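An overview of the molecular structure
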Amino acid sequence: MVETIIFVLMGLAAIAGAITVVMARNPVYSAIGLLGTLFAVAVLYVLQLAHFVAAVQVIVYAGAVLTLFLFVIMLIGVDKEENREENLRFQRPVVGVLAGVIVVMAAALTAFGDFDWVPASGAVIPEVTNGTIQAVAEPLFTDWVLAFEATALLLTIAAAGAIALAHYRRRESTDG
Amino acid sequence: MLVNQFLILAAALFSLGVYGLLVRRNIVLILLSVELMLNAVNINLVAFESMIRSADATGQIFTIFIITVAAAEVGIGLAIVLMIFRNRRSADVSDLNLMRW
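Residue positions within a chain follow its written sequence, with the count starting from 1. Written order decides the labels, with chains lettered from A and ligands numbered from 1. In keeping with the model being predicted, local features are shown solely for residues with a pLDDT of at least 70 and side-chain atom pairs are shown and tallied solely at 80 or more, while totals for entire chains, interfaces and linings include all residues. Side-chain calculation: all heavy atoms of the structure are included, whereas hydrogens and water are not.

Our next topic: the overall build of chain A. Of the regular secondary structure elements, chain A holds six helices and zero strands. Under the DSSP-based scheme used, a helix requires at least four consecutive residues in state H or I and a strand at least two consecutive residues in state E, with every element numbered from the N terminus. Listing each helix as α and each strand as β along chain A from the N terminus yields α-α-α-α-α-α. Relative accessibility decides the category of a residue: with a 1.4 Å probe and only protein chains considered, values under 20% of the type maximum give buried, values over 50% give exposed, and everything between is partly exposed. Every one of the 176 residues in chain A was classed for burial, and the buried ones make up 27%. A separation threshold of at least 6 residues defines the contact pool for chain A, and within that pool the share at least 24 residues apart is 53%. Areas reported here follow the Shrake-Rupley algorithm with a probe of radius 1.4 Å; residue values treat only the protein chains shown as occluding. For chain A, the exposed surface amounts to about 11300 Å²; the carbon and sulfur share of it is 71%. The contact definition used throughout considers only heavy atoms, calling two residues in contact when any of these lie within 4.5 Å.

Moving on, we come to the side chain of Q60 of chain B. Relative to the helices and strands, Q60 of chain B is located in helix α3 (residues 58-88). The class for Q60 of chain B is buried, based on a relative accessible area of 3%. Apart from residues no more than four positions distant in its own chain, Q60 of chain B is found in contact with L49, A50, V53, T132 and V136 of chain A together with E49 and R53 of chain B.

Let us look at the domain arrangement of chain A. Start and end points for every domain follow an automatic or database-based domain assignment. What the domain assignment reports for chain A is domain 1 (1-78 + 103-121) and domain 2 (144-176). Placing a centre on the C-alpha atoms of domain 1 of chain A and another on those of domain 2 of chain A gives a separation of 30 Å.

Working definition: rings of Phe, Tyr and Trp (its six-membered ring) pair if their centres are within 6.5 Å, and the pair is stacked with planes under 30 degrees apart, edge-to-face with planes over 60 apart, and tilted otherwise. Enumeration according to the criterion identifies three aromatic pairs over all chains in this entry. The interplanar angle of 70 degrees and the centroid separation of 4.9 Å between the aromatic rings of F141 of chain A and F148 of chain A together place this pair among those described as edge-to-face. With a centroid separation of 5.3 Å and an interplanar angle of 90 degrees, the aromatic rings of W144 of chain A and F62 of chain B are classed as edge-to-face. Of this pair, W144 of chain A sits in the loop between α5 (132-142) and α6 (145-167) while F62 of chain B sits in helix α3, on two different chains.

Further remarks concern the interface of chain B and chain A. Think of interface size as the accessible area that goes away when the parts come together; that is how it is often given. Of the residues lining the interface, 65 residues belong to chain B; the matching set on chain A comes to 73 residues. Defined in terms of a 1.4 Å probe, buried area is the accessible area two parts forfeit on being brought together, summed over both. The contact between chain B and chain A buries some 6200 Å² in all, and 73% of this surface belongs to carbon and sulfur atoms. When a carboxyl oxygen of Asp or Glu is within 4 Å of a side-chain nitrogen of Lys or Arg, the pair counts as a salt bridge. For the pair chain B and chain A, the interface holds zero salt bridges. A 3.5 Å cut-off defines polar contacts: any pair of N or O atoms within that distance qualifies, except that in protein one atom must be a possible hydrogen donor and the other a possible acceptor, and neighbouring residues in sequence count only when both atoms are side-chain atoms. Summed over the shared surface of chain B and chain A, the number is five residue pairs in polar contact (both at pLDDT 80 or more). Those elements giving two or more residues to the side of chain B that touches chain A turn out to be α1 (4-23), α2 (27-52) and α3 of chain B. In terms of residue count, the dominant contributor to the side of chain B that touches chain A is α3 of chain B (25 residues).

A word on the confidence of the model for chain B. In the predicted model, chain B carries a mean pLDDT of 87, and 98% of its residues have values of at least 70. Here the prediction assigns the complex a pTM of 0.86, and the interface score ipTM is 0.90. Confidence of the predictor in every single residue is expressed as pLDDT, which spans 0 to 100.

Looking now at the environment of A70 of chain B. Along the chain, A70 of chain B turns up in helix α3. By relative accessible area, which is 1% here, A70 of chain B ends up buried. In the structure, A70 of chain B is positioned 58 residues away from A12 of chain B in sequence and 20 Å away in space, judged by C-alpha atoms. When near neighbours in sequence (up to four residues on either side) are disregarded, A70 of chain B contacts Y61 of chain A together with E35 and L38 of chain B.

For soluble globular proteins, the rule of thumb is that nonpolar side chains tend to be buried together. What we call a nonpolar core is a set of buried Ala, Val, Leu, Ile, Met, Phe, Trp, Tyr and Cys residues that are connected through their side-chain atoms within 4.5 Å. Formed by 54 residues in total, the largest nonpolar core has its most connected members in Y45 and F69 of chain A together with I43 of chain B. Counting residues per element, the ones that place at least two in this core are α1 (2-23), α2 (27-47), α3 (51-76) and α5 of chain A together with α1, α2 and α3 of chain B. What I43 of chain B contacts, discounting residues up to four positions off in sequence, is V41 and Y45 of chain A together with F6, L9, A10 and L13 of chain B.

Once that is clear, we can look at the packing of α3 of chain A against α3 of chain B. In helix packing, the relevant descriptors are the interaxial angle and the interaxial distance, both defined with respect to the helix axes. It is the contact of α3 of chain A with α3 of chain B, at a shortest axis distance of 11 Å, that shows an interaxial angle of 5 degrees. Between α3 of chain A and α3 of chain B, the angle falls in the class roughly parallel. Within the contact between the two elements, α3 of chain A uses F52, V53, V56, Q57, V60, Y61, V65, L68, F69, V72, L75 and I76 of chain A and α3 of chain B uses Q60, T63, I64, I67, A70, A71, V74, G75, L78, V81, L82 and F85 of chain B. Counted by class, the contact of α3 of chain A with α3 of chain B contains 20 nonpolar, four polar and no charged residues. Interaxial angles span 0 to 180 degrees and are taken between N-to-C directions of axes, which are lines fitted to C-alpha atoms, for helices over the stretch in contact. Any angle between 65 and 115 degrees counts as roughly perpendicular, while under 35 counts as roughly parallel, over 145 as roughly antiparallel, and the rest as oblique. We call Asp, Glu, Lys and Arg charged. Ala, Val, Leu, Ile, Met, Phe, Trp, Tyr, Cys and Pro are nonpolar, and the rest, Gly among them, are polar.

Take α6 of chain A next. Given a helix with a known number of residues, its expected span is that number minus one, times 1.5 Å. Look at α6 of chain A: 33 Å from first C-alpha to last across 23 residues, which is about the 33 Å you get at 1.5 Å a residue. Tucked into the core, α6 of chain A has its buried residues touching α3 of chain B.

For the rest of this paragraph, the subject is unusual backbone geometry. For residues that are not glycine, phi is negative in most cases, and the peptide bond is trans in most cases. Even without glycine at this site, L49 of chain A takes up a positive phi of about 60 degrees. Along the chain, L49 of chain A turns up in the loop between α2 and α3. Residue classification places L49 of chain A among the partly exposed positions, given a relative accessible area of 25%. Residues other than glycine seldom take positive phi values, yet R89 of chain B does so here, at roughly 55 degrees.

Attention shifts here to the side chain of E35 of chain B. When you line up the elements, E35 of chain B lands in helix α2. Counting rule for charge: Lys and Arg are taken as positive, Asp and Glu as negative, and neither His nor the chain ends is counted. R24 of chain B provides the closest opposite charge to the buried, salt-bridge-free E35 of chain B, at an N-O distance of 15 Å. Apart from the residues lying within four places of it in its own chain, the contact partners of E35 of chain B are L34, Y61, V65 and F69 of chain A together with A70, E73 and V74 of chain B.

Below, the structure is given as structure tokens:
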């Protein structure tokens, strides 16, 4: 029961944040909306006993990625209004009708369809009692070690590439 | 606790992400929408992991990999956005017609 209440509250918060992301006129509001979504989703991870993923979500996404986003938004200016004029005249109404049809079909499928409500496994892996870091770390450094190293290489390349792009000048200047 | 509710939430978040990707003209907001879609995928993975509850926590590990790759993607993406803004003085995708036929 408590889990359902938490899910409904956090689900609504996530949806509200997502709507803010796609609707807000000011890009800063969009970024803050994504922050709300990320925190709500982190709570949902804790609800599913994925504590370590929730911590990573908050630290990496809400901490690093969103700071980077806000930094770039501030850097390129927030005062310029987006041009939201639609060039294809009949596109909006047609898309609205199609989206309505899809929503009605999805709702009908959920309500009347032959739809299995799958319960989450009640079994708690033993490592969870010691915190999920152990449960995640052991396969990460044994079964998935090659993917782990490849990700490390990817991150190094991405960091080097980002710095190279930011430093690039078309005409060679002496300051490098 | 059911798994389906998380899948429905993930579908809603993914759809909102697709909507933002198609409608917004600001490059930074398009990248934000991509982040929204990646998050929806992560919700799915963690939900299926809580359904199977395998001993090797594969769903959570995949989620961590996706978060890492998303961080790398944002780093490169925002560097490209800064580059474009420096060259064209605009972050609007409608103004980027350099490779348009």
